[in-house]
Amino acid sequence: MLPDKTVKDYLMLHFIVLIWGFTAILGLLISIASLEIVFYRTLIATVILGLIFFWRKTPIHLPRKELGKIIGTGFIICLHWLLFFWAARVSTASVCLAGMATTSLWTAFLEPIANKRKVKAFEIFLGLLVIAGLYVIFRFELDYWLGLVMAIGSAFLSAVFTVINGRFAKRHNPYILTFYEMFGACVFAAMLLPVYGYFFAPEGLQLIPSAMDWFWLFLLGGVCTVYAFSVSVELMRRITAFAVNLTINLEPVYGIILAVLIFGEKEKMTGGFYLGTLIILVSVLIYPVYNYYLRRKAKGNNLLRA
């Protein structure tokens, strides 16, 4: 049996993934437009982290060259979240989360490019399996094609900044990294507001959220961003990367279940949608399991040689 502490850590990890699965639903509960949501989410996260650093007297100075790159990564995060919330708006939370389920596979293809190694045949196979799952969804849910395309684009951007962050995290404190990335995302969202208002909101931007919107925004920026990230980093010190990645892949499952429970009939999709999503999730879950098996096998071979 697992020790009580380990069980609590795994339960907390699933709780964090559940929180992340709730973000698409929050995007639908908040009445202001998608870009305004991103602006306030990143602003709230930046202010909260800034206050924590001020209270703890944590030095947050970084070299200017590195700072520019990190803030630039925040621009990518801004676009990722913009497409994410927009996808949920033009389709449903379930369709958005189904598209986001491709993040791990995008990462599997981008990491070899970043690390200058060949893409493995097994990774190509899983990529084709994901395409098959997306084909099934498109075939049965053609009305939501735009939302699904946006979600896939959001997943690709998520994979891009995940690969970039993997390098930054080796050199910088993850909390300081998050602070500057949230700041960059907030600045970029503010820069996009006039353009967004001109082309997509000629009636005017919704810059003053309602009281209920403020509640959801603080939940999004405080709990889903700062709290969830902080706890996940803490858990990664005690739980293996394999277990963490495997559990995070369950985010779309939790999110889709929550969406059906909260929005009811609006979120109930055809059998083809769930079949396609299942194909994607199977391919996503296979990847870390197969990698774990290869690492164990390689480790066993090295021991035998020794």
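If you're wondering where the values come from, they're calculated on a predicted model, not measured in any experiment. Within each chain, residue numbers correspond to sequence positions counted from 1 in written order. Per-residue local features of the predicted model are confined to residues with pLDDT of at least 70, and side-chain atom pairs are confined, for both listing and counting, to 80 or more; whole-chain, interface and lining totals are unaffected and use all residues. The basis for the side-chain values is all heavy atoms of the structure; hydrogens and waters are excluded.

Things to note about the overall build of the protein chain
- Of regular secondary structure, the protein chain possesses 13 helices and 0 strands.
- Principal axes of the C-alpha set define a box for the protein chain whose edges measure 70 × 55 × 40 Å.
- The buried label goes to any residue with under 20% of its type's maximum accessible area, the exposed label to any with over 50%, and the partly exposed label to all in between, with areas taken from a 1.4 Å probe on protein chains only. The proportion of buried residues among the 306 residues of the protein chain is 47%.
- With the model as given, the accessible surface of the protein chain reaches about 16,000 Å², and the carbon-plus-sulfur share is 70%.
- Averaging the locations of the 26 positively and 15 negatively charged side chains of the protein chain gives two centres separated by 15 Å. A run of H or I in DSSP becomes a helix once it reaches four residues, and a run of E becomes a strand once it reaches two; helices and strands are each numbered from the N terminus. Per-residue and other accessible areas follow the Shrake-Rupley method at a 1.4 Å probe size, with only the shown protein chains counted as cover for residues. We score Asp and Glu as negative and Lys and Arg as positive, and we do not count His or the chain ends. Lysine's charge is taken at NZ, arginine's at CZ, aspartate's at CG and glutamate's at CD.

Observations regarding unusual backbone geometry
- The residue Lys-57 is not glycine, and still its phi comes out positive at about 55°.
- On the secondary structure map, Lys-57 appears in the loop between helix H3 (34–56) and helix H4 (64–90).

A look at the side chain of Ser-232
- Assignment of secondary structure puts Ser-232 in helix H10 (residues 211–235).
- Those residues in contact with Ser-232 that lie beyond four places of it in its chain are Ile-16 and Trp-20. Note on contacts: a residue pair is in contact if any heavy atoms of the two residues lie within 4.5 Å.

Details of the environment of Met-150
- Of note, Met-150 is situated in helix H8 (residues 145–168).
- With 68 residues separating them along the chain, Met-150 and Leu-82 place their C-alpha atoms 9.4 Å apart.
- For Met-150, the residues in contact, after removing those within four places along its chain, are Leu-83, Trp-86, Ala-87 and Val-90.

Let's talk about the pattern of salt bridges
- Salt bridges are defined as contacts in which a side-chain nitrogen from Lys or Arg sits within 4 Å of a carboxyl oxygen from Asp or Glu. Evaluation of the coordinates by the stated rule reveals 1 salt bridge.
- We note a salt bridge from Arg-171 to Glu-66, for which the minimum N-O separation is 3.0 Å. Pair noted here: Arg-171 is in the loop between H8 and helix H9 (174–200) and Glu-66 is in helix H4, with a separation of 105 residues, a long-range link.

Don't take any of this as a statement about function, it's just geometry.
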